[in-house]
Amino acid sequence: MVMRISRPMKRAGTKNEQFKKRVPTALLPALRGKKFSIYLPETTAPDSATYMVTVTLSDMITFSLGAPASRLAKVRHAAALGHVEAFLEAAQRGPEDLSHLEITALLGEIHKALLAQYEADPPARHKILVDDGVEEWSELSEWREMISDAEVGILTLTPQGRAAAVARVSRIVDLDAFLSARALVLSEKSYRDLVEGLPAALRRVVETLGQRSHGNYAADPYAAQYPQWKAKTTAARRSTDEYVKTFDDLFDRWKAADKRAASTISTWRGYLARFTKFVGHDDPHRVERVDALRWKDALVAEGLKKISTTYLAALNTLYRFGLRDSETTGINRNPFEGVKAPQKAVAGTRRLPFTRPEVALILSAARKETLAHLRWIPWLQAQTGSRVAEIAQLWATMVITDDAGNPCLNITTAPDGGSLKNEGSERVVPIHPDLIADGFLEFVKTRGKGPLFYGGSKGKAAIQLRDDQKHPSKGVSNRVGTWVRGLGITDKRKGPTHSFRHWFKSELPHRSGCNILLVNAIQGHSAEGDAAGYYHPGTPEMLKAISKLDLKGLADSAPKAEQLADA
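Residues numbered from 1 in each chain as written. Predicted model: local features only at pLDDT ≥ 70, side-chain atom pairs only at ≥ 80, totals over all residues. Heavy atoms only, no water.

Some thoughts on the overall build of the chain
Turning to step 1, where the next piece is worked out: Tallying secondary structure elements over the chain gives 24 helices and 9 strands in all.
Turning to step 2, where the next piece is worked out: Out of the 567 residues in the chain, the part that is buried amounts to 46%.
Turning to step 3, where the next piece is worked out: A total of about 28500 Å² of accessible surface is found on the chain, and carbon and sulfur atoms cover 54% of it. (Helix = DSSP H or I, 4+ residues; strand = E, 2+ residues; numbered from the N terminus. Buried < 20%, exposed > 50% of the residue type's maximum accessible area, 1.4 Å probe, protein only. Areas by Shrake-Rupley, 256 points an atom, 1.4 Å probe, with all protein chains shown as cover.)

Encoded structure:
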């Protein structure tokens, strides 16, 4: 039985989390002493670059996750667990015999991986001074020497010669790491065949990289010669009927694996439809890295912003999911891995905060409104710095009292499916005395136990929303934004609701003298750094700071709309 450890472990003498998993006793004779390599994400971002960790197998597979207790450690642990379990499953199946076609396809994977790693910045070429003049030297020339030495080792027709060949080219490609990272355990014959085909494949890579180093980025002449690699997994031997056939299949599998926000589902479906139209087919298995790169270039040419964190991140995440569950999805590679669109922020586009006169205008106007969402949401945003969606989805049951008797907002997921942006968004924030004095708690009582700002006069929740149906609070948020624009705040760099967060970030420390950690806790901003994650202020501390914001005084000082326009 394989012992599953579902969370990172601690090791004495280091602050970093450790990955630990026991190797099944039955596999120890075959695996002990062998090298095992996996790729771990450098950051928690969906499109994060990866780095390789190599360990020598013994009773336990143990290595550092390179981070203390944090979300990053959890993300790396989850990635490691998937790799390790796939590798142990492959070892349990036993060494695999590959056909000539499969060996060729695997060499093609090495070819593609090396080009993806080096073609943007090919191994350097230098001018060096020799006895009879200046000579050009390239690291590729060293690669050619390594490949020639490997060919000599292979010609000995002995296991020792093949081992020496693999060692000689390990600076170019670590073959054993390549295989273990793909959960492949090859039979002696298949390993021999792969090693014997390796020098020719590497020479092709060197030839293409040589062209790249001279500025020739024409289509790789060898890419089309390699058949597509299809992972030979247990699921593949059972049936391919379980595999995803279309992008919609892949998207639906990803969507069903965890609860996703409706806005994410609808937005990502749009990204997927856009890519499907661009690539001209609906088969996720046919997508090549060149397709991902071409799409990235097309999006950049359109002048779109934040491409890496939107369009590319969505497709990258879907393929990573498919690769993680490759036994059932049939996805055996991620063509979007490492594809990014570096875009510098342009001056004059950064989001701006509201000014104090603008906040005064909004609060003053809200005080005169009879519609509940216009009357209270701006004031709640001003006193919490919250995202408008967090306030718009509040229920009466989410207005609670802390241990000291202070009325508070329990900002969490709504009972009818309203979600939060991330884990750090969940928090309890005390209600400002000015809102209490203006009758906010009396208003809450009129809503029974239901939503505060939607659901009709009785505050009824929506009935079983579809997973891609936007939460009703989204419409409320939009109406508040439209209303703010109607007050004369039309600067496009100021979000009609989101600029409250920017204003609050500087206004609260200025008025109350509190530190930025307290501001982040009130706003639901993720802690920056692991140490900050240990800071958990109480509601009395929050209330003391929030009370220093003179919201009533701001509203009373509001200029007229025309005065604001002239400012």
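Regarding the nonpolar core
Turning to step 1, where the next piece is worked out: Ranked by size, the top nonpolar core spans 56 residues in total, and within it Leu380, Leu409, Phe440, Leu452, Phe453 and Trp503 carry the most contacts.
Turning to step 2, where the next piece is worked out: A per-element tally of this core places helix 14 (residues 356-367) first, with 7 residues.
Turning to step 3, where the next piece is worked out: Excluding residues within four positions of it along the chain, Leu409 makes contact with Leu380, Thr384, Ile391, Leu394, Met398, Val399, Arg427, Val428, Val429, Ile431 and Phe440.
Turning to step 4, where the next piece is worked out: Within the second largest apolar cluster, 36 residues are counted, among which are Leu140, Met146, Val173 and Leu179. (Core = buried A, V, L, I, M, F, W, Y, C linked by side-chain atoms within 4.5 Å. Contact = heavy atoms within 4.5 Å.)

A closer look at the sheet that holds strand 7 (residues 399-401)
Turning to step 1, where the next piece is worked out: Here we have 3 strands laid out as an open sheet, ordered 7-8-9, and antiparallel in their pairing. Taken across any chain shown, the strands that pair with only one partner, and hence form the sheet edges, are strand 7 and strand 9 (427-430). Within this sheet the neighbouring strands show an average axis-to-axis angle of 40 degrees, counted without direction.
Turning to step 2, where the next piece is worked out: Of the pairings in the sheet, the one linking strand 7 to strand 8 (residues 407-411) comprises 3 bridges and is antiparallel in character. Following the sheet pairing, Ile400 is matched in strand 8 by Cys408.
Turning to step 3, where the next piece is worked out: Against the sheet, helix 22 (residues 539-546) makes contact with strand 8 and strand 9, and its axis sits at roughly 45 degrees relative to strand 9, the strand it touches most. (Pairing = 2+ DSSP bridges. Axes fitted to C-alpha atoms, helices over the stretch in contact; angles between N-to-C directions.)

Here's the deal with empty space enclosed by the protein
Turning to step 1, where the next piece is worked out: In this structure the tally under the stated criterion is 2 cavities of 30 Å³ or more.
Turning to step 2, where the next piece is worked out: Taken as a whole, the largest cavity spans an internal volume of roughly 50 Å³.
Turning to step 3, where the next piece is worked out: As for the largest cavity, its lining consists of Gln228, Pro284, His285, Tyr319, Gly330, Ile331, Asn332 and Arg333.
Turning to step 4, where the next piece is worked out: In the lining of the largest cavity, the residues fall into 3 nonpolar, 4 polar and 1 charged.
Turning to step 5, where the next piece is worked out: Together, Ala150, Ile154, Ala165, Val166, Val169, Val195, Leu198 and Pro199 line the second largest cavity.
Turning to step 6, where the next piece is worked out: Counting only elements with at least two residues in the lining of the second largest cavity, the list comes to helix 4 (139-155), helix 5 (159-168) and helix 7 (188-213).
Turning to step 7, where the next piece is worked out: Counting residues per element, the lining of the second largest cavity draws most heavily on helix 7, at 3 residues.
Turning to step 8, where the next piece is worked out: Among the residues forming the lining of the second largest cavity, the class breakdown is 8 nonpolar, no polar and no charged. (1 Å grid on protein atoms, 1.4 Å probe; cavity = no way out; pocket = protein on both sides within 12 Å on 5 of 7 lines; lining within 4 Å. Points joined across faces, edges and corners; volume = space filled by probe spheres on them. Nonpolar A, V, L, I, M, F, W, Y, C, P; charged D, E, K, R; others polar.)

With respect to helix 14
Turning to step 1, where the next piece is worked out: Look at helix 14: 16 Å from first C-alpha to last across 12 residues, which is about the 16 Å you get at 1.5 Å a residue.
Turning to step 2, where the next piece is worked out: Most of helix 14 sits out of view: 9 of its 12 residues are buried. (Expected span 1.5 Å × (residues − 1).)

Some words on the packing of helix 15 (residues 372-384) against helix 19 (residues 472-486)
Turning to step 1, where the next piece is worked out: One can describe the packing of helix 15 onto helix 19 by two numbers: an axis separation of 10 Å at closest approach and a directional angle of 80 degrees. Regarding the angle of helix 15 to helix 19, the classification is roughly perpendicular. Note on element contacts: helix 19 touches helix 15 through Val476, Arg479, Val480 and Trp483, opposite His373, Leu374, Ile377 and Pro378. (Parallel < 35°, antiparallel > 145°, perpendicular 65-115°, else oblique.)

Some points on the layout of surface pockets
Turning to step 1, where the next piece is worked out: Taken as a whole, the second largest pocket encloses approximately 640 Å³ of empty space.
Turning to step 2, where the next piece is worked out: Lys34, Asp176, Val185, Leu186 and Tyr191 are, among the 24 residues lining the second largest pocket, the residues nearest its centre.
Turning to step 3, where the next piece is worked out: Take the lining of the second largest pocket: its biggest share by element is 4 residues, from helix 5.
Turning to step 4, where the next piece is worked out: Its residues placed into classes, the lining of the second largest pocket shows 15 nonpolar, 3 polar and 6 charged.

Here's the deal with the packing of aromatic side chains
Each aromatic ring pair is described using two quantities: the centre-to-centre distance and the angle formed by the ring planes.
Turning to step 1, where the next piece is worked out: Applying the stated criterion to the full structure yields 17 aromatic pairs.
Turning to step 2, where the next piece is worked out: The interplanar angle of 45 degrees and the centroid separation of 4.5 Å between the aromatic rings of Tyr271 and Tyr311 together place this pair among those described as tilted. Of this pair, Tyr271 sits in helix 10 (residues 262-279) while Tyr311 sits in helix 12 (residues 311-324), and the two are 40 residues apart along the sequence.
Turning to step 3, where the next piece is worked out: Take Tyr311: its relative accessible area is 12%, and that puts it in the buried class.
Turning to step 4, where the next piece is worked out: With centroids separated by 5.4 Å and ring planes inclined at 70 degrees, the aromatic side chains of Phe275 and Phe336 adopt a geometry described as edge-to-face. Of this pair, Phe275 sits in helix 10 while Phe336 is found in the loop between helix 13 (326-329) and helix 14, placing the two residues 61 residues apart along the sequence. Across the pair, Phe336 and Phe275 agree in class, each one buried.
Turning to step 5, where the next piece is worked out: Taken together through their ring pairs, the aromatic side chains of Phe247, Tyr271, Phe275, Trp295, Tyr311, Tyr319 and Phe336 make up a single cluster.
Turning to step 6, where the next piece is worked out: When the ring centre of Trp376 is taken as origin, the NZ or CZ atom of Arg375, which lies over that ring, is 3.9 Å away.
Turning to step 7, where the next piece is worked out: Here Arg375 stacks its cationic end above the ring of Trp379, 5.6 Å away from the centre of that ring. (Phe/Tyr/Trp six-rings, centres within 6.5 Å; stacked < 30°, edge-to-face > 60°. Lys NZ or Arg CZ within 6 Å of the ring centre and 35° of its normal.)

Description of the confidence of the model for the chain
Turning to step 1, where the next piece is worked out: On average, the chain scores 82 in pLDDT, and the residues at 70 or more come to 86%.
Turning to step 2, where the next piece is worked out: When the elements of the chain are averaged for pLDDT, helix 8 (residues 234-238) gives the smallest value, 40, and helix 18 (residues 440-445) the largest, 96.
Turning to step 3, where the next piece is worked out: Under a pLDDT of 50 for its full length, residues 1-7 has, in the predicted model, 13 contacts with residues more than four places off or in other chains. (pLDDT = per-residue confidence, 0-100.)

Structural notes on unusual backbone geometry
Turning to step 1, where the next piece is worked out: Unlike most non-glycine residues, Leu157 shows phi in positive territory, near 60 degrees.
Turning to step 2, where the next piece is worked out: Checked against the element boundaries, Leu157 lands in the loop between helix 4 and helix 5.
Turning to step 3, where the next piece is worked out: Phi at Lys306 takes a positive value of approximately 50 degrees, unusual for a residue other than glycine.
Turning to step 4, where the next piece is worked out: Classification of Lys306 by relative accessible area gives exposed; the value is 62%.

Details of the environment of Ala218
Turning to step 1, where the next piece is worked out: The topology assignment puts Ala218 in the loop between helix 7 and helix 8.
Turning to step 2, where the next piece is worked out: Distance in space between the C-alpha atoms of Ala218 and Thr208 is 9.4 Å, their sequence separation being 10 residues.

Overview of the pattern of salt bridges
Turning to step 1, where the next piece is worked out: Enumeration according to the criterion identifies 26 salt bridges in this entry.
Turning to step 2, where the next piece is worked out: For Asp149, the salt bridge identified is with Arg168, shortest N-O distance 2.8 Å. Of this pair, Asp149 sits in helix 4 while Arg168 sits in helix 5, and the two are 19 residues apart along the sequence.
Turning to step 3, where the next piece is worked out: Note on Arg168: relative accessible area 35%, which makes it partly exposed.
Turning to step 4, where the next piece is worked out: Between Glu507 and Arg511 there is a salt bridge whose closest N-O contact spans 2.8 Å. (Salt bridge = Lys/Arg side-chain N within 4 Å of Asp/Glu carboxyl O.)

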